[in-house]
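Each chain, written out:
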Amino acid sequence: MVGRPIVISGPSGTGKSTLLKKLFAEYPSTFGFSISNTTRAPRAGEKDGVDYNFSTVEEFKKMIDENKFIEWAQFSGNYYGTSFKGVSDVSEKLKRTCILDIDMQGVKLIKKSDMNPRYLFIAPPSIEELRTRLEGRGTETSESLEKRISAASAELEYAKNGGHDKIIVNDDLEKAYKELKEFIFAEEV
Ligand code: ADP
Ligand code: 5GP
């Protein structure tokens, strides 16, 4: 059975991709990832068409003009967007429960759409630990790292004010993963 889509959000560096990679490895045919478009450059190890559809600004703007996006936003100086195709490829073609990894602006826009997903927020144990993880990942310049840290405060504030169905603190990875599975497999909320 295809379940309601699940929107996962949380500050960049909090561990969303790490948790989702574990989920997709354990349940390869139950869930599918909504592959977003982005204008940011691929990181080492990221694959076009798998982690993101990497696009130029021109391509992205053309997709906006053609109404290809359910939602899109600018984050840390780049465009990110969820396309209607990205979601329907999972829900309709593959017949799997669709999982989206999007920022707070995207969450707010999806809430105005007719998608009706469940919302999960992944919080870092602290901003200091978030900074340590972003530094440890080795993917950010000092400028993009600071932008991510400042966006994190707004994300955490929104979560505190009840923007999501569930908040999981990703302190111990295995514990957080267990909680994520409990939420995902729970009765519909
Ligand atoms: P996001 O997808 O939310 O931006 P990532 O999954 O890329 O975050 O994780 C950011 C960094 O933190 C990665 O280097 C990852 O290995 C590390 N990380 C993820 N979860 C934990 C955890 N529970 N404890 C320590 N480090 C973690
Ligand atoms: P990153 O560059 O670290 O992969 O992602 C930066 C931020 O963009 C994260 O908060 C991530 O959840 C968000 N993001 C990724 N894809 C999308 C999308 O399609 N739409 C929106 N609104 N945010 C996205």
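As recorded by an unreviewed UniProt entry, the chain carries the name Guanylate kinase and is attributed to [Candida] arabinofermentans NRRL YB-2248.

Student: Help me out: how do you make sense of the packing of aromatic side chains in this one?
Tutor: The description of two aromatic rings rests on the distance between their centres and on the angle between their planes. Summed over the entire model, instances satisfying the criterion amount to eleven aromatic pairs. Ring geometry for phenylalanine 75 versus tyrosine 80: centroids 6.0 Å apart, planes at 85 degrees, classification edge-to-face. Through a chain of ring-to-ring contacts, the aromatic side chains of Tyr52, Phe54, Phe75 and Tyr80 assemble into a single cluster. Over the aromatic face of phenylalanine 183 sits the side chain of arginine 118, whose NZ or CZ is 4.2 Å from the ring centroid.

Student: When you look at the site of ligand 1 in this model, what are you seeing that I'm missing?
Tutor: Lining the immediate environment of ligand 1, one finds 13 residues, of which Gly13, Lys16, Ser17, Thr18 and Asn170 sit closest. Residue lysine 16 places a main-chain N or O atom 2.8 Å away from an oxygen atom belonging to ligand 1. About the coverage of ligand 1: the protein hides 75% of its 570 Å² of free accessible area. Mapping ligand 1 onto the cavity grids shows that it belongs to the largest pocket. Element by element, the count of residues in the shell around ligand 1 is highest for helix α1 (residues 16–26), at three residues. Classifying every residue of the shell around ligand 1 gives two nonpolar, seven polar and four charged.

Student: Explain the pairing of strand β7 (residues 97–101) here, please?
Tutor: Of all five residues in β7, five are buried, a share of seventy percent or more. Side-chain alternation along β7 places Thr97, Ile99 and Asp101 on one buried face and Cys98 and Leu100 on a second face that is also buried. Pairing between strand β1 (residues 6–9) and β7: three bridges, direction parallel. Each bridged residue has a counterpart across the sheet, and for isoleucine 8 the counterpart in β7 is aspartate 101. Inspection of the sheet shows strand β2 (residues 31–33) paired to β7 by three bridges, in the parallel sense. Counterpart to glycine 32 in the pairing with β7 is cysteine 98.

Student: How should the site of ligand 2 be read in this particular structure?
Tutor: Around ligand 2 there are 18 residues in total, and Ser36, Arg40, Tyr52, Tyr80 and Asp101 lie nearest to it. The side chain of serine 12 places a nitrogen or oxygen atom 3.3 Å from an oxygen atom of ligand 2. Here isoleucine 102 contributes a backbone N or O atom positioned 3.5 Å from an oxygen atom of ligand 2. Out of a free accessible area of 510 Å², ligand 2 has 96% covered by protein chains. Of the pockets mapped on this structure, ligand 2 occupies the largest pocket. Elements represented by at least two residues in the shell around ligand 2 include exactly β5 (69–75) and β6 (78–83). Of the residues belonging to the shell around ligand 2, the class tally is five nonpolar, six polar and seven charged.

Quick notes on the rules
- Residues numbered from 1 in each chain as written.
- Chains lettered and ligands numbered in written order.
- Predicted model: local features only at pLDDT ≥ 70, side-chain atom pairs only at ≥ 80, totals over all residues.
- Heavy atoms only, no water.
- Phe/Tyr/Trp six-rings, centres within 6.5 Å; stacked < 30°, edge-to-face > 60°.
- Lys NZ or Arg CZ within 6 Å of the ring centre and 35° of its normal.
- Near = heavy atom within 4 Å.
- Polar contact = N/O pair within 3.5 Å; in protein donor to acceptor, adjacent residues only side chain to side chain.
- Areas by Shrake-Rupley, 256 points an atom, 1.4 Å probe, with all protein chains shown as cover.
- 1 Å grid on protein atoms, 1.4 Å probe; cavity = no way out; pocket = protein on both sides within 12 Å on 5 of 7 lines; lining within 4 Å.
- Sits in = over half its atoms within 2 Å of the grid points.
- Helix = DSSP H or I, 4+ residues; strand = E, 2+ residues; numbered from the N terminus.
- Nonpolar A, V, L, I, M, F, W, Y, C, P; charged D, E, K, R; others polar.
- Buried < 20%, exposed > 50% of the residue type's maximum accessible area, 1.4 Å probe, protein only.
- Pairing = 2+ DSSP bridges.

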